[in-house]
Amino acid sequence: MTYAEVAVNSAVTQTYHYHIPDRLQNKIQRGCLVRVGFGTAMQPAVVVALHDDLPPDLADITTKPISDLLHPEPVMTDAHVDLALWMSQAYLTSPGACLWLMLPPGITGKSTKQIHLHDENSEGRNETQQKILGALRETSPMTIPALRDVAGIKTVERVIKELEDIGAVEQVIVLSSPAVSAKTIRTVIRAIPEDEVVDALSQLKRAPKQTTVFAHIARHDYPLDMKELRETIDATHADLNALERKGLIQFGERITYRDSLADRDFIPTNALKLTDEQQHTLDKINKGWAGTFLLHGVTGSGKTEVYLQAMARVIKQGRQAIFLVPEIALTPQTIRRVAQRFPDKVALVHGSLSNRERYDTWRRAREGDIQVIVGTRSALFTPLPDVGLIVLDEEHDPSYKHSAGAMQAPFYHARAVAEKFAQLNRAKVILGSATPDVGTYYRAQRGTIKYLHLPNRIMGHRQRVQKQAKQRGVTLAYQALTDDAMTIGLPPVTIVDMRDELKVGNRSMFSRDLTYALKGVLERGEQAILFLNRRGQASYVFCRDCGYVLDCERCDSPMTYHRQGDMMRCHHCNHQQFAPDVCPNCQSDRIRFFGAGTQQVEQALKTAFPDVRTVRWDRDTADSPDLHETILARFADGHASVMVGTQMIAKGLDLPLVTLVGVISADPGLALPDFRARERAFQILTQVAGRAGRGILGGQVIIQTYQPAHPSIVMASDHDYEGFYELEIASRRELGYPPFRNLGRILVQDTHPIEAERTIQRLAEQVKHFIAKHYLTDTHLIGPAPCYFSRINRLYRWQLLVRSSDPTQVLQYIQPRKGVSIDIHPIDIL
């Protein structure tokens, strides 16, 4: 007998063995999607291994059979199965949850409870029971929602349980049909030989409309889309049905794909000539079979061109590539560059696509119709047959981590998963950034991964740059990098001490330096970016009489004012309410808005420069990829002079007309209780500064702050990554934080504050007992303590951090359950 070891999509942390019935012998393989009886329900499962015998510890059990094969071919490759099983161990989560990352949403259907009539002679004890039994005598089985409508009550489950107890009905849990399926379109084709077409047309001369329709169809030897046919020549159903009855045409169906890029036209481009630095970098990547490379290149150094040419080599070898970006906001610009280089070979994957689009992309990838996938972290799991290269652009970005909290496990980091997948698939990984993650740079310095450096900005080829400068009358500050390429230094950065502005009576959010620079940009017809690391009109509402701050009733964190709709909004749970006219605490009318948000910056800008054309880019103005692309295109095409935005404008944008970047306030986030706070501040300031001076006009950066001597600000202003790294790595070494020790996090969330605290204290005692029992002297606990954001969406939050060389060893015996999350290598400890 042959046995299948399977994983179901549930919280269980083990796999299960089923025997394969004769009718399914030789049909089930590793990676197949099957249906199994699990407990009292039918569940989908993925086959992770096949065995001739049961393991010794299971030799005496009676196994259940595999019920059915849900897909004729394996739904994932061996490498993807191996990757999921590794993730299950690395992130202490169920193998099923990891395997289901490899599948498109909706492919397996859901477990549905059906109610069957068990005893036709049974009589109900009350009117509600009689209604239910009467409905089941007419139609059995029925679903609970259907019976809820019949009974006219919401709590129908209690009544069904009563009927089940007396043997009148039976509850059966079945697996519903998949929510997604292939899209089919109706087609029509000529049904007679070509030499009979003339005679057929002569017989149709009394029906001129049918003659026109048939003549059009007869000219083609392939099936035509019926919908397009009706639109192009106004063919009606009656015309087509009449021709079909006469035997002149034949109806059919064709499977088609839903492609989010189908309506986009990309003009093909050729590979650019590389500089010596780029070519040397590419040569190192192309040598050898596999490995991880850190491509450390300043903003504008041409990292993307290196990515594209490395991808081209992989595609030429018959393999595929994955290009990851941290934010959906970056996908429009990235997909354009990649699709122009590889026309008709690219697909897009991110969480905002419809389930149907993701399903069809999954199908196309499995069938080998796609060579390049572009997308956010979930694109990593697209089932390409033979991935040869994975690129993580802006590899330092925290968006690559699927963090704990309200999200569903596994809490993986795309960087670590990409490296493991590349190892399994003998592929290469390129981690690209101008400000690499401190841990990544540390590995590169130690030689664990290969280090590549692009220290110079590339502004273009000499002739093109000189021609542009002549047209604009600009004196170039460029230098020759090679015979063809020109380079320019990173933009100069000015730090403005806002305390000095207050001393001279300037209470505007714009310093004198920034105001003067903005005036010059607008007069010269150039563009500027104003960056603020928060959204909304003001950061919080504050009463000057009693000190009351308006907090979210669900999260205990200050709500943010938004001018649109005069609303207060919580940026944790999205709770909204009207802004108060008087203080809810003391009824004073001296309640004011404090702090600055993007809306307030935009309003202040229009007050200072009434004719300025602005565009605002944050999560309030752009909550979909289409809106991201619209806003970026509007600014890039010159329809606005100033862009006001939050973090998304700091990432990877190439806007040659931007000559000024103004950081309204560099202070938010500097004092957060997170050992990565300084690193994140340095990265975001360096990245946003890199948006300036990417064209022939050059540029400058002005950083406003109340902490001008802060190391993150000073070193970002000097574009000094190496100096910042040395300072940060010394601090991490002294304090025992990553990359020298690893962290694990237990997060508890509960609607009751006391219960949340009790749970984390109990778990802390379990962990302490384990540490003492196994003499883990290198393991230390931080906490338990309330999280910095102590309540989010009505859930009180407590955490315990485990600092150890291997936190999985300590936390593997903690059972995740509702309200308890285990996060290995967390990047969010707030």
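Figured I'd write up the structure that's included with this text.

Scoring rules and cut-offs
- Per-chain numbering applies: the sequence of each chain, read as written, is numbered from 1 onward.
- Thresholds applied to this predicted model are a pLDDT of at least 70 for local features of residues and 80 or more for the giving and counting of side-chain atom pairs; totals over whole chains, interfaces and linings are not thresholded and use all residues.
- Where side-chain values are given, they derive from all heavy atoms of the structure, hydrogens and water being excluded.
- A run of H or I in DSSP becomes a helix once it reaches four residues, and a run of E becomes a strand once it reaches two; helices and strands are each numbered from the N terminus.
- Residues are said to line a cavity or pocket when one of their atoms sits within 4 Å of a point; the points come from a 1 Å grid over protein atoms alone, cavities being sets where a 1.4 Å probe fits but cannot get out and pockets being open sets with protein on both sides within 12 Å along at least five of seven lines.
- Grid points are joined across faces, edges and corners, and a volume is the space filled by probe spheres set on the points.
- By the convention adopted, Pro, Cys, Tyr, Trp, Phe, Met, Ile, Leu, Val and Ala count as nonpolar, Lys, Arg, Asp and Glu as charged, and the other residues, Gly among them, as polar.
- Only protein chains enter the calculation, and the probe is 1.4 Å; a residue is then buried if its accessible area is under 20% of its type maximum, exposed if over 50%, and partly exposed in between.
- It is the directions from the helix axis to the C-beta atoms that the arc portrays.
- Like charges within 9 Å and nonpolar side chains (Val, Leu, Ile, Met, Phe, Trp, Tyr) within 5 Å are joined into patches, using only residues over 30% in relative accessible area that form no salt bridge.
- Note on areas: these come from Shrake-Rupley sampling with a 1.4 Å probe, and a residue is covered only by the protein chains present in the view.
- We define a salt bridge as a side-chain nitrogen of Lys or Arg found within 4 Å of a carboxyl oxygen belonging to Asp or Glu.
- Charge counting treats Lys and Arg as positive and Asp and Glu as negative, with His and both chain ends excluded.
- By convention, the charge on Lys lies at NZ, on Arg at CZ, on Asp at CG and on Glu at CD.
- Contact definition: two residues touch when any of their heavy atoms are within 4.5 Å.
- Here a polar contact is taken to be a pair of N or O atoms separated by no more than 3.5 Å, where protein atoms must pair a possible hydrogen donor with a possible acceptor and residues adjacent in sequence count only if both atoms sit in side chains.
- Being paired, for any two strands, means DSSP has found at least two bridges between them.
- To get an axis, a line is fitted to the C-alpha atoms, and for a helix only the part in contact is used. The angle between two axes follows their N-to-C directions and goes from 0 to 180 degrees.

1. Concerning unusual backbone geometry
Then, in step 1: Cis geometry is adopted by the peptide bond preceding Pro-739, which originates at Pro-738 and carries an omega value of 15°.
Then, in step 2: That bond from Gly-783 to Pro-784 is cis: its omega, 10°, falls within 30 degrees of zero.
Then, in step 3: When you line up the elements, Pro-784 lands in strand 34 (residues 780–792).
Then, in step 4: For Leu-92, which is not a glycine, the phi torsion comes out positive at approximately 50°.
Then, in step 5: The topology assignment puts Leu-92 in the loop between helix 1 (78–90) and helix 2 (95–99).
Then, in step 6: At Glu-394, a residue that is not glycine, the phi angle is positive and equals roughly 55°.
Then, in step 7: The residue Glu-394 is located in the loop between strand 16 (387–393) and helix 14 (414–425) in this model.

2. With respect to empty space enclosed by the protein
Then, in step 1: In total, this model carries one cavity of 30 Å³ or more according to the counting rule given.
Then, in step 2: When its volume is computed, the largest cavity comes out at roughly 130 Å³.
Then, in step 3: For the lining of the largest cavity, the per-class residue count stands at eight nonpolar, three polar and one charged.

3. Let's talk about helix 19 (residues 598–608)
Note: α-helices contain 3.6 residues per turn, so residues at a spacing of three or four share the same orientation.
Then, in step 1: Every buried residue of helix 19 is accounted for by Thr-598, Gln-599, Val-601, Glu-602 and Leu-605. Buried residues in helix 19, looked at end-on, bunch into an arc of 165°, giving them a common side.

4. So, a negative patch on the surface
Then, in step 1: Among the surface-exposed residues, Glu-194, Asp-195, Glu-196 and Asp-199 lie close enough to one another that they form a single negatively charged patch.
Then, in step 2: Its place among the elements puts Asp-199 in helix 6 (residues 197–203).
Then, in step 3: According to the relative accessible area criterion, Asp-199 is partly exposed, its value standing at 48%.

5. Examining the environment of Arg-680
Then, in step 1: Within the fold, Arg-680 resides in helix 21 (residues 677–689).
Then, in step 2: Remark: the alpha-carbon pair of Arg-680 and Pro-398, spanning 282 residues in sequence, is separated by 9.0 Å.
Then, in step 3: For Arg-680, the contacting residues outside a window of four places in its chain are Asp-674, Ile-827 and Asp-828.
Then, in step 4: Within the local environment of Arg-680, its side chain forms a polar contact with the backbone oxygen of Ile-827, the two atoms lying 2.3 Å apart.

6. Some remarks on the sheet that holds strand 36 (residues 820–824)
Then, in step 1: Taken in spatial order, the four strands line up as 34-35-33-36 in an open sheet, and their pairing is antiparallel. The sheet is open, and its two borders are formed by strand 34 and strand 36, each paired with just one other strand. Recorded for the sheet is a direction-independent mean angle of 20° between the axes of neighbouring strands.
Then, in step 2: Of the pairings in the sheet, the one linking strand 34 to strand 35 (residues 795–804) comprises seven bridges and is antiparallel in character. Considered in strand 35, the bridge of Ile-792 is made with Leu-795.
Then, in step 3: Sheet contacts for helix 24 (residues 753–773): strand 33 (742–750), strand 34, strand 35 and strand 36; angle to strand 35, the most-contacted strand, approximately 15°.

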